[in-house]
Amino acid sequence: MFLGAHGKGRGWKKSDINVLHLRGAYAEMAAQHGAILKEAVRGGAAVYLGGKNERMIRQAPMLRDSRIKQTMLLGLMKLLQMPMRARIPREYRRESRGLAKSAGLNAELFEQTSLQADSLVLLLRHSMGRYLLKHMSPNGAFPGLPGCTSIVALKEHTAAGSLLQARNMDYPSVGTWDANPTVFYCDPDGGQRSVGITTAGVHSVGITSVNESGLALAAHFHCSRRVSFFGTPVHIIGSEIMRRARTLSQAINIARSIDRAGSWSFVISSARENKACVIEMASGRLEVRDADDSNGLLAHTNYFRTHSMREDEILLSMSTLHDFEARYARALELLRDAAHGGALTPAACGRILADGLDREVGQVRGQGYTIAVITTVTSIIAELGNNRFWVAHRPESPVCLGNYSGFRLDEDFRNFDERSLETMDWTASPGPATASSVRGTAKQDALSAFRSAYMAFHNDFDTVATLTHLSRAVELDPKEGNYWIAMGHLQMRLRRHENALQSFLMGEACPLGLHMKQTLLLFLGHAHDALGRRDEALARYRALEQEKPLSPHIREELQKNLKAPYKADRAEDITFDFQYCDSMEYA
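Treat the numbers as computed from the prediction; the structure is a model and nothing was measured. (Residues numbered from 1 in each chain as written. Predicted model: local features only at pLDDT ≥ 70, side-chain atom pairs only at ≥ 80, totals over all residues. Heavy atoms only, no water.)

### What about the overall build of the protein chain?
Check the secondary structure of the protein chain and you find 19 helices and 21 strands. Along the longest, intermediate and shortest principal axes, the C-alpha atoms of the protein chain span 75 × 60 × 45 Å. Per-residue burial for the protein chain yields a buried fraction of 64% across its 587 residues. Expressed as a percentage of contacts within the protein chain between residues at least 6 apart in sequence, the contacts between residues at least 24 apart total 67%. Of the roughly 20,600 Å² of accessible surface on the protein chain, a fraction of 50% belongs to carbon and sulfur atoms. Counting 70 positive and 64 negative side-chain charges, the protein chain places the averaged centre of each group 4 Å from the other. (Helix = DSSP H or I, 4+ residues; strand = E, 2+ residues; numbered from the N terminus. Buried < 20%, exposed > 50% of the residue type's maximum accessible area, 1.4 Å probe, protein only. Contact = heavy atoms within 4.5 Å. Areas by Shrake-Rupley, 256 points an atom, 1.4 Å probe, with all protein chains shown as cover. Lys, Arg positive; Asp, Glu negative; His and termini not counted. Charge placed at Lys NZ, Arg CZ, Asp CG, Glu CD.)

What follows is the structure, encoded as structure tokens:
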């Protein structure tokens, strides 16, 4: 379906994906994007993310009842953002303003969108890292963390003899980003073609992208103490790479030349050179991990792999640590299996990205330490040696459970109105023997209900609606312990303490990993204390005391609970995270 034209730009809807062909100066192309997708932009992720940090502040427990404090902190945040704003090159500001104007939106909103990811990293460093802004979680609901899983195989490991790079982008914008998948081709005056795979209104080739020189790039979140308000936002650095670099060494040199605000990695490959690496970055520090150091196979999640970068990483919670490590180990395990004997295919990459096995529990799960997660809002497989890339077109996270549409890197758009995109159904092709997914099972329906609960909780702050959706999730998948734990937490917030206790007991009967079992012991103690059953609560706390190892967050809360009963009214302020069904802080 033809969506419209603006200047030299054209847009189509193909397989539920917005496809844009943009031409001219960079600011002109951004304006074309905004005009052609105006309605999708106005209701999409760019607007949602532009206001996300402000919502976090206005809903923070310690600030909810004080407009004065909210206004002061918002002013402080914008003041602290000023050095980072100053690092945004003038041409990128023109692009942001052009897109906003053509979409009929406020330019400041799009400036906040461009700063949102790095501002989130800075807030994490100074809140969960226990430095400046300690209780910044909205309504007791932590806003969710960026994630991402990437794999790369050099051409000697692939069936077609072409380097393959695949990635899930996991980002806390469920219901907005995944609803408007967008592939935009940028043909700048006098420059090389780059293609962004994002969502309507997020006009950046610095997040997930490919370029005409055969480079593919995927940005990954990290949380480090080495951050700076005086650095450059990550998507600007990524965009500079994909606009200017034609080789892997050029990409690395560009990354080295621009200091970062936050802590990130770029997984980047060069199909023409048959090279790949992970560029691990924090403010003032950068390390490169090369595919040649791992026999031509790479996997990456959100935990730095080089020792010098790990020294400054922040432990957000044991759940995040286990998740980052589990996804890395599982992705590498499946990649080695699928690439054995040079057999890796794009469809096999699709199977890996959709994998739902929780290695710690040994079961396929809708919600656990899995590669496919509720926040997977973009999935791409790049086969640039053959000038092709594939984009998942399921308009609901995890998008990797759907089929993929094929695109040509060298697409000329002649007669594009009349052509259909090639479809790849990864379930119909051979893949890793051990790969497993919830696709087509009752677990997928339960996950969909849990996704609705996630959106009601994190987007709408509607506890009652969240509980309704959770009830449906546990009905469809009664053996998923994380759903029961989430339900128990919500019932604690609603002061339905007996119901909460029963939900936690149901969760206890389900397969859970070590840390979640420990977390559940704490929650069970809280429920007993709320019901005035101190002996039962102490029994749970003492059982938890025997567990080894314990996260510092749990240990701190446990010591308090052993000394004095848990107060039920604290449930509203605990930073619970639906992405992991755990608390980022318990006290």
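### Remarks on the sheet that holds strand β16 (residues 376-383)
Strand pairing within a sheet occurs via backbone hydrogen bonds; the two strands may be parallel or antiparallel. Here seven strands make up an open sheet; going across it, the order is β13-β4-β5-β16-β17-β18-β19 and the pairing antiparallel. Edge positions in the open sheet fall to β13 (297-300) and β19 (422-424), since each of these has one partner strand only. Direction aside, neighbouring strands of the sheet carry axes that sit 20° apart on average. Pairing geometry for strand β5 (residues 164-170) and β16, over six bridges, is antiparallel. (Pairing = 2+ DSSP bridges. Axes fitted to C-alpha atoms, helices over the stretch in contact; angles between N-to-C directions.)

### Some remarks on the sheet that holds strand β10 (residues 264-270)
Overall, mixed pairing links the ten strands, which are arranged β1-β2-β3-β6-β7-β8-β9-β10-β11-β12 in an open sheet. The strands lining the two open edges of the sheet, one partner per strand, are β1 (2-6) and β12 (285-290). The average undirected angle you get between the axes of adjacent strands in this sheet is 15°. Sheet analysis places strand β6 (residues 181-188) next to strand β7 (residues 194-199), joined by six bridges and oriented antiparallel. In the sheet register, Val183 faces β7, and the bridge partner there is Ile197. Lying on the sheet, helix α1 (residues 26-36) is in contact with β1, β2 (9-14), β3 (17-24), β6 and β7; it crosses β3 at an angle near 150°.

### Comments concerning the confidence of the model for the protein chain
For the protein chain, the mean per-residue pLDDT works out to 90, and 92% of the residues sit at or above 70. Long-range and interchain partners of residues 128-142, a stretch whose pLDDT sits below 50, account for 68 contacts in this model, where long-range means more than four residues apart. (pLDDT = per-residue confidence, 0-100.)

### Some points on the nonpolar core
Of all hydrophobic cores here, the largest spans 80 residues; its most connected members are Leu344, Ile381, Tyr404, Phe450 and Phe578. Excluding residues that lie within four positions of it along the chain, Phe578 makes contacts with Gln367, Phe450, Ala453, Tyr454, Phe457, His458, Thr466, Leu470, Ala486 and Leu490. Leu22, Ile36, Val202 and Ile241 belong to the second largest nonpolar core, which has 65 residues in total. (Core = buried A, V, L, I, M, F, W, Y, C linked by side-chain atoms within 4.5 Å.)

### Brief notes about the packing of helix α8 (residues 234-244) against helix α9 (residues 248-257)
In a packed pair of helices, the relevant descriptors are the angle between the two axes and the axis-to-axis distance. Packing of α8 against α9 leaves a shortest axis separation of 9 Å and a crossing angle of 150°. The handedness of the crossing between α8 and α9 comes out as right-handed. On α9, the residues touching Ile237, Glu240, Ile241 and Arg244 of α8 are Gln250, Ala251, Ile254 and Ala255. Within the contact of α8 with α9, the residues separate by chemical class into five nonpolar, one polar and two charged. (Left-handed = near helix turned anticlockwise from the far one by under 90°. Nonpolar A, V, L, I, M, F, W, Y, C, P; charged D, E, K, R; others polar.)

### Overview of a nonpolar patch on the surface
Together, Leu76, Leu79 and Met82 make up an exposed nonpolar region whose accessible area comes to about 280 Å². Of note, Leu79 is situated in helix α5 (residues 67-86). (Patch = residues over 30% accessible without salt bridge, like charges linked within 9 Å, V, L, I, M, F, W, Y side chains within 5 Å. Salt bridge = Lys/Arg side-chain N within 4 Å of Asp/Glu carboxyl O.)

### A word on the pairing of β6
In terms of burial, β6 is a largely internal element, eight of the eight residues being buried. Along β6, one buried face is formed by Pro181, Val183, Tyr185 and Asp187 and the opposite face, lined by Thr182, Phe184, Cys186 and Pro188, is buried too. Across seven bridges, β3 lies against β6 in parallel orientation. Bridge pairing in β6 places Gly24 opposite Pro188.

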